[in-house]
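Inside the fold
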Amino acid sequence: MLSLALLLGLTACTAAPNIQAPDTQTDPQATVPDAGQTGQAEDGEQSPADDSGTGKKTFSMGTTADYPPYEFIIINDKGEQEFVGIDIFLAQAIAEDMDAELKIVNMSFENLMLALDKGEVDCVIAALEKNEEREKVADFSEPYYVDQPPMVLVKQEHVQDYQTMEDFSGKKVGAQMSSTNADIVSNDMPGANLVALSSVTDLVNELAYGKCDAIVINGKVALEYAAANEDLAVAAVSLGEAA
């Protein structure tokens, strides 16, 4: 189950494989006009700062915008980069309800909770699952979305090779750094060698180039990549119940 994390007491030499995914990551932060949204983690009693330059309060959201359909970057009709996704729309709705201007701060996933703890952002919304370690530095909202269980993405040509968790023994299995999916590789896939990277986009490219054998990512994200890329497929292994 995905929740918000908050630091405030308001009332995340061969031909190159053609990996299809929304464009991600260039501008590390952007301010988005008022709109509508979803979840987070809290810690303290502070109000959004009035530093938007428009006379409105600013509500800052930390996220990692490489994770469709939750948060990612597209090129809009004006040729400009735009943050979109489930979590972005949720943050926009929260900002609108607060009569504040949303500021999106895009950073590496492993830095999100640190930025929240240091007060650099007001909340984290990044397809974030609550766990004991994260609860030490932040309060979490009620879950706003129940995802499909994590899934293992592999090359289509090898999908039949992976039927059980034991089949990943001796294989390089990627997961996002500091994520619960990395814990799955370390704890539940005996003999697998964890390849931890900051960016999901980089993980998918590692898989496409054959630099790792599989990657563990959230179920909906895995299905999105498999649907967009005929060379990728979801392995028929169970990684537990819906998150």
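Residues numbered from 1 in each chain as written. Predicted model: local features only at pLDDT ≥ 70, side-chain atom pairs only at ≥ 80, totals over all residues. Heavy atoms only, no water.

Describing the overall build of the protein
Helices and strands together make up the secondary structure of the protein, namely six helices and 14 strands. By residue count, 49% of the 243 residues in the protein fall in the buried class. Accessible surface for the protein amounts to roughly 11,500 Å². Of this, 45% is attributable to carbon and sulfur atoms. (Helix = DSSP H or I, 4+ residues; strand = E, 2+ residues; numbered from the N terminus. Buried < 20%, exposed > 50% of the residue type's maximum accessible area, 1.4 Å probe, protein only. Areas by Shrake-Rupley, 256 points an atom, 1.4 Å probe, with all protein chains shown as cover.)

Focus on the layout of surface pockets
Of the pockets and cavities examined, the largest pocket occupies roughly 280 Å³. Around the largest pocket, the lining comprises 14 residues; the ones closest to its centre are Met113, Asn131, Glu133, Arg134 and Ser178. Contributions of two or more residues to the lining of the largest pocket are made by helix H2 (112–117), helix H3 (132–135) and helix H4 (180–188). The class makeup of the residues in the lining of the largest pocket is six nonpolar, four polar and four charged. (1 Å grid on protein atoms, 1.4 Å probe; cavity = no way out; pocket = protein on both sides within 12 Å on 5 of 7 lines; lining within 4 Å. Points joined across faces, edges and corners; volume = space filled by probe spheres on them. Nonpolar A, V, L, I, M, F, W, Y, C, P; charged D, E, K, R; others polar.)

Side note on H4
Helical periodicity: at 3.6 residues per turn, an α-helix aligns residues three or four positions apart in one direction. For H4, the set of buried residues is Thr180, Asn181, Ala182, Ile184 and Val185. Tucked inside the fold, the buried residues of H4 contact strand S8 (123–129), H3, strand S11 (172–176), strand S12 (193–197) and strand S13 (214–217). (Contact = heavy atoms within 4.5 Å.)

Observations concerning the pattern of salt bridges
Taken as a whole and judged by the stated rule, the model has three salt bridges. The shortest N-O distance in the salt bridge between Glu120 and Lys118 comes to 3.3 Å. Salt-bridge contacts for Glu157 lead to Lys155; the nearest nitrogen and oxygen are separated by 3.9 Å. Judged by relative accessible area, Glu157 falls into the exposed class, the value being 62%. (Salt bridge = Lys/Arg side-chain N within 4 Å of Asp/Glu carboxyl O.)

Looking at the nonpolar core
With 19 residues, the main nonpolar core has Val152, Val154, Phe168, Val173, Val185, Met189 and Val216 as its most contacted residues. Of all the secondary structure elements, the ones that give two or more residues to this core are strand S10 (151–155), S11, H4 and S13. If one sorts the elements of this core by residue count, H4 sits on top with three residues. With sequence-adjacent residues up to four places away left out, Val154 is seen in contact with Val159, Tyr162, Phe168, Leu207, Asp213, Ala214, Asp231, Leu232, Ala233 and Ala235. (Core = buried A, V, L, I, M, F, W, Y, C linked by side-chain atoms within 4.5 Å.)

Let's talk about the pairing of strand S6 (residues 81–84)
By the bridge criterion, four bridges tie strand S5 (residues 72–75) to S6 in an arrangement that is antiparallel. Each residue of the ladder has a partner; that of Ile74, found in S6, is Glu82. (Pairing = 2+ DSSP bridges.)

Let's talk about the packing of aromatic side chains
Under the criterion given, the structure shown has three aromatic pairs. When the ring of Tyr70 is compared with that of Tyr145, the centres are 5.8 Å apart and the planes differ by 75°; the resulting orientation is edge-to-face. Here the residue Tyr70 occupies a position in the loop between strand S4 (57–63) and S5, and Tyr145 occupies one in the loop between strand S9 (139–140) and S10, the gap between them amounting to 75 residues. Taking relative accessible area as the criterion, Tyr70 reaches 0% and is therefore assigned buried. Ring geometry for Tyr162 and Phe168: centres 4.6 Å apart, planes at 5°, overall stacked. Neither Tyr162 nor Phe168 differs from the other in exposure class; each is buried. Of the aromatic side chains, those joined through ring pairs into one cluster are Tyr67, Tyr70 and Tyr145. (Phe/Tyr/Trp six-rings, centres within 6.5 Å; stacked < 30°, edge-to-face > 60°.)

Description of unusual backbone geometry
A cis amide bond links Pro68 with the next residue in sequence, Pro69, at an omega value of 10°. Mapped onto the elements of the fold, Pro69 is located in the loop between S4 and S5.

What to know about the environment of Ile94
Relative to the helices and strands, Ile94 resides in helix H1 (residues 86–97). Spatially, the C-alpha atom of Ile94 lies 8.7 Å from that of Phe59, the residues being 35 residues apart in sequence.

Focus on the confidence of the model for the protein
Mean pLDDT over the protein: 81, with 76% of residues reaching 70 or higher. Taken together, the stretch residues 7–18 has pLDDT below 50 and engages in 42 contacts with residues farther than four places along the chain or on a different chain. (pLDDT = per-residue confidence, 0-100.)

Observations concerning the sheet that holds S13
Strand order in the open sheet formed by five strands is S12-S11-S13-S10-S14, and the pairing between neighbours is mixed. Here the strands that pair on one side only, and so sit at the sheet edges, are S12 and strand S14 (232–234). The mean inter-strand angle of the sheet, taken between neighbouring strand axes irrespective of direction, is 30°. In this structure, S10 lies alongside S13, joined through four bridges in antiparallel fashion. (Axes fitted to C-alpha atoms, helices over the stretch in contact; angles between N-to-C directions.)

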